Amino acid sequence: TMDPSDYGGPVTVIYTYTDPTGSQCLSSNLIQVLELALATINPAGPFCESDTVQVLSAEVLPVGGTFSGPVTPIDVSLPNPITASFDPSMGPGTYQVILTSIPGPGQCAGFDTLSIEVYPAPVVSFAPNGPFCFNDSIVQLTGGQPAGGIYGGPSITPNGQFNPTTLGLGTH
């Protein structure tokens, strides 16, 4: 057996046969091993199913390339990068995107595959807090689920602390 990646051009292959009398006969042939055209998809993902449409990019040489799988081509003309869109709202799962480069003279088409993982959108909730008094000291908000999220709003720190005096009177 021969590994084509070990050779970069024509390879002489010799076939030898020894007949019953012990005489050897030879025949040879050239085998051409062609290089692959470049096809590389840039890494992408994972995504959440609630994420916006994502732009995938790839490098192809020397002529161009095509995407296949759950994508919509955006720009597949050179110069690089070529692009396609991927919509995570298709739902949770693993999606395969395939890039095929168009070969130039003396080349074979190149291929690259990207597996994109899409996770389900988490259910996010925030339990009611308060009421608070205007003169209360710094308050820690609680009840954000799942744990590990970030609180936000006027005068509220990312970890959920605020001073009612700074926030002011009223419903916020």
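In the block above lies the structure referred to throughout.
First things first, this report covers the structure right here in the doc. (Residues numbered from 1 in each chain as written. Predicted model: local features only at pLDDT ≥ 70, side-chain atom pairs only at ≥ 80, totals over all residues. Heavy atoms only, no water.)

**A word on the overall build of the protein chain**
Moving on, step 1. The helix and strand tally for the protein chain stands at 1 helix and 16 strands.
Moving on, step 2. Since a compact globule built from 172 residues should have a radius of gyration of about 16 Å, the 31 Å found for the protein chain marks it as more spread out than a globular shape.
Moving on, step 3. Each of the three principal axes of the protein chain carries a C-alpha extent, and together these read 110 × 40 × 25 Å.
Moving on, step 4. Summarising the internal contacts of the protein chain: among those between residues at least 6 apart in sequence, 48% fall at separations of at least 24.
Moving on, step 5. Counting every atom, the protein chain has about 11100 Å² of accessible surface; 59% of that belongs to carbon and sulfur. (Helix = DSSP H or I, 4+ residues; strand = E, 2+ residues; numbered from the N terminus. Rg over C-alpha atoms; globule rule 2.2 N^0.38 Å. Contact = heavy atoms within 4.5 Å. Areas by Shrake-Rupley, 256 points an atom, 1.4 Å probe, with all protein chains shown as cover.)

**Some details on the sheet that holds strand E10 (residues 93-102)**
Moving on, step 1. Taken together, the 4 strands give an open sheet; going across it, the order is E5-E12-E10-E7, and neighbouring strands pair in mixed fashion. Strands with a single pairing partner mark the edges of an open sheet, and in this sheet they are strand E5 (47-48) and strand E7 (64-68).
Moving on, step 2. In terms of strand pairing, E10 meets strand E12 (residues 111-119) through 8 bridges, oriented antiparallel. The residue of E12 that forms the bridge with Gly93 is Val118. (Pairing = 2+ DSSP bridges.)

**With respect to the environment of Ala58**
Moving on, step 1. In this structure, Ala58 sits in strand E6 (residues 54-61).
Moving on, step 2. For Ala58 and Thr83, which are 25 residues apart along the polypeptide, the C-alpha to C-alpha distance reads 6.4 Å.
Moving on, step 3. Beyond its immediate sequence surroundings of up to four residues, Ala58 is in contact with Thr40, Ile41, Asn42, Phe67, Asn80, Pro81, Ile82 and Leu99.

**Notes on the sheet that holds E6**
Moving on, step 1. The 4 strands are arranged E4-E6-E9-E8 in an open sheet whose pairing can be described as antiparallel. At either margin of the open sheet sits one strand with a lone partner, and together these are strand E4 (38-41) and strand E8 (72-75). For this sheet the average axis-to-axis angle between neighbouring strands, irrespective of direction, equals 30°.
Moving on, step 2. By the bridge criterion, 3 bridges tie E8 to strand E9 (residues 82-86) in an arrangement that is antiparallel. Within the sheet, the bridge partner assigned to Pro73 lies in E9 and is Ala84. (Axes fitted to C-alpha atoms, helices over the stretch in contact; angles between N-to-C directions.)

**What to know about unusual backbone geometry**
Moving on, step 1. Looking along the chain, the bond that leaves Leu61 and enters Pro62 is cis, with omega of 5°.
Moving on, step 2. Tracing the chain through its elements places Pro62 in the loop between E6 and E7.
Moving on, step 3. Of the consecutive residues Gln145 and Pro146, the connecting peptide bond is found in the cis state with omega at -5°.
Moving on, step 4. Within the fold, Pro146 resides in the loop between strand E15 (144-145) and strand E16 (161-162).
Moving on, step 5. The residue Ser155 is not glycine, and still its phi comes out positive at about 65°.
Moving on, step 6. Secondary-structure assignment places Ser155 in the loop between E15 and E16.
Moving on, step 7. Judged by its relative accessible area of 41%, Ser155 falls in the partly exposed class. (Buried < 20%, exposed > 50% of the residue type's maximum accessible area, 1.4 Å probe, protein only.)

**Observations regarding the packing of aromatic side chains**
For any pair of aromatic rings, geometry is given as the distance between the ring centres together with the angle between the planes.
Moving on, step 1. The final tally for this structure, using the stated rule, is 4 aromatic pairs.
Moving on, step 2. Plain terms: the ring middles of Phe126 and Tyr151 are 5.4 Å apart, the flat faces sit at 70° to each other, and that makes the pair edge-to-face. On the criterion of sequence distance, the pair formed by Phe126 in strand E13 (residues 125-126) and Tyr151 in the loop between E15 and E16 is long-range, its members being 25 residues apart.
Moving on, step 3. The exposure class assigned to Phe126 is partly exposed, which follows from its relative accessible area of 49%.
Moving on, step 4. Aromatic ring contacts, followed pair by pair, group Phe47, Phe86 and Tyr95 into a single cluster. (Phe/Tyr/Trp six-rings, centres within 6.5 Å; stacked < 30°, edge-to-face > 60°.)

**A few points about a nonpolar patch on the surface**
Moving on, step 1. There is a patch of nonpolar side chains on the surface, built from Leu38, Leu61 and Leu78 and spanning about 220 Å² of accessible area.
Moving on, step 2. Locating Leu61 in the fold gives a position in strand E6.
Moving on, step 3. Taking relative accessible area as the criterion, Leu61 reaches 42% and is therefore assigned partly exposed. (Patch = residues over 30% accessible without salt bridge, like charges linked within 9 Å, V, L, I, M, F, W, Y side chains within 5 Å. Salt bridge = Lys/Arg side-chain N within 4 Å of Asp/Glu carboxyl O.)

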